[in-house]
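# Structural overview
The chain contents come next:
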Amino acid sequence: MLNLAASKQNTILKVIATLAELQSSLTPLKTSGLKIALVPTMGALHQGHLSLIAEAQKLADIVVCSIFVNPTQFTDPKDLEKYPRPLEHDIKMLTEAGCNFVFMPSVKEMYPSYPTPEQWKIDLGEAEFVLEGEFRKGHYQGVTQIVFKLFDAVKPDVAMFGQKDFQQVLMIKNMVKVLDLDVQIAVCPIIREADGLAMSSRNIHLSQSDREHALVLSKALFYIEVNYNRLELDQLLEETKAMINTVPGVELDYLTIANGDTLLPVEQKSEQNTMVLVAAKVGQTRLIDNIIIN
Ligand code: AMP
């Protein structure tokens, strides 16, 4: 275990790599009645992740951030291979944020039989198979598999997730319901760059021109938000899809005005719980974003 002095609240960040060490560190804290928050991440931390840590600090006494690039949720081996892993930078950020624990296990620690797959198949409902689920088959089985393992290891009172991965939040809430897990799920808003681009670990892969082109995604979302009462649903989608398709290097996977529970397209503007969700490849990088309409 590595100890690093934190600048915030004199907290010491403990870096933990094994499940056994995690358990021996957390058990006495839990026994003494402290509330534990878990912030699961894949690292390459940015202000979006830090907003989850800050919210976790409001809701709990002890914050555990996990950093694990989970192989079972990647459908493209190249994407897994090139996922950024700036561990020293991440540890520095968590230290400055006053996080208490960072859990950074190896793949073997989380999946002892890896690369032989473990059995995991749960019913996440129909929304598993649309949008991201359609473009990344099996993705949410992999996501829920690792989140379950992390919940089991940390046994948090509350776990923090970002609205940025809206469908992921929905799937995790469904898992919690189906498996009757005793954990509160807290959802945090999307943190954006000053020009509107949603922060993402993958933004690091964008070239300068990709970075400019990527702005069309948040622009399209804001356009729909601003014009929602003025234009028809078809018109909103038609105009924004045209807007996106004129930008070079941007390949749209989907842009949809959907119900926030089913993720199916809304038919009436009067419907409640409406979202706009978008996914596109910008250059070689796949980005997702969304906005809540009502
Ligand atoms: P990731 O490391 O990409 O798996 O993300 C870890 C957590 O941070 C997930 O719950 C994400 O939804 C959340 N997150 C990622 N980007 C942002 C952002 N720009 N704003 C808020 N939360 C985010």
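For the structure, see preceding data.
Keep in mind the model is a prediction, meaning the values are calculated, not measured.

## A closer look at the pattern of salt bridges
Under the counting rule described, the total for this entry stands at 10 salt bridges. Residue Arg286 pairs with Glu132 through a salt bridge whose shortest N-O separation is 2.7 Å. Taken as a pair, Arg286 in strand E10 (residues 285-292) and Glu132 in helix H6 (residues 132-135) lie far apart in primary sequence, 154 residues in all. The exposure class assigned to Arg286 is partly exposed, which follows from its relative accessible area of 21%. Since its relative accessible area comes to 3%, Glu132 is described here as buried. The closest approach of N and O atoms between Arg192 and Asp289, which form a salt bridge, is 2.9 Å. Of the two residues, Arg192 is situated in the loop between strand E7 (184-188) and helix H9 (208-227) and Asp289 in strand E10; the sequence distance between them amounts to 97 residues. By sharing partners, the salt bridges in this structure join Asp79, Arg136 and Arg202 into a single network.

## Thoughts on empty space enclosed by the protein
Taken as a whole and judged by the stated rule, the model has one cavity of 30 Å³ or more. Looking at the largest cavity, the residues that line it are Lys164, Leu197, Ala198, Ser200, Asn203, Ala214, Leu217, Ser218, Leu287, Ile288 and Asp289. Broken down by secondary-structure element, the contributors of at least two residues to the lining of the largest cavity are H9 and E10. Class assignment for the residues of the lining of the largest cavity results in six nonpolar, three polar and two charged.

Procedures and definitions
- Residues numbered from 1 in each chain as written.
- Predicted model: local features only at pLDDT ≥ 70, side-chain atom pairs only at ≥ 80, totals over all residues.
- Heavy atoms only, no water.
- Salt bridge = Lys/Arg side-chain N within 4 Å of Asp/Glu carboxyl O.
- Helix = DSSP H or I, 4+ residues; strand = E, 2+ residues; numbered from the N terminus.
- Buried < 20%, exposed > 50% of the residue type's maximum accessible area, 1.4 Å probe, protein only.
- 1 Å grid on protein atoms, 1.4 Å probe; cavity = no way out; pocket = protein on both sides within 12 Å on 5 of 7 lines; lining within 4 Å.
- Points joined across faces, edges and corners; volume = space filled by probe spheres on them.
- Nonpolar A, V, L, I, M, F, W, Y, C, P; charged D, E, K, R; others polar.

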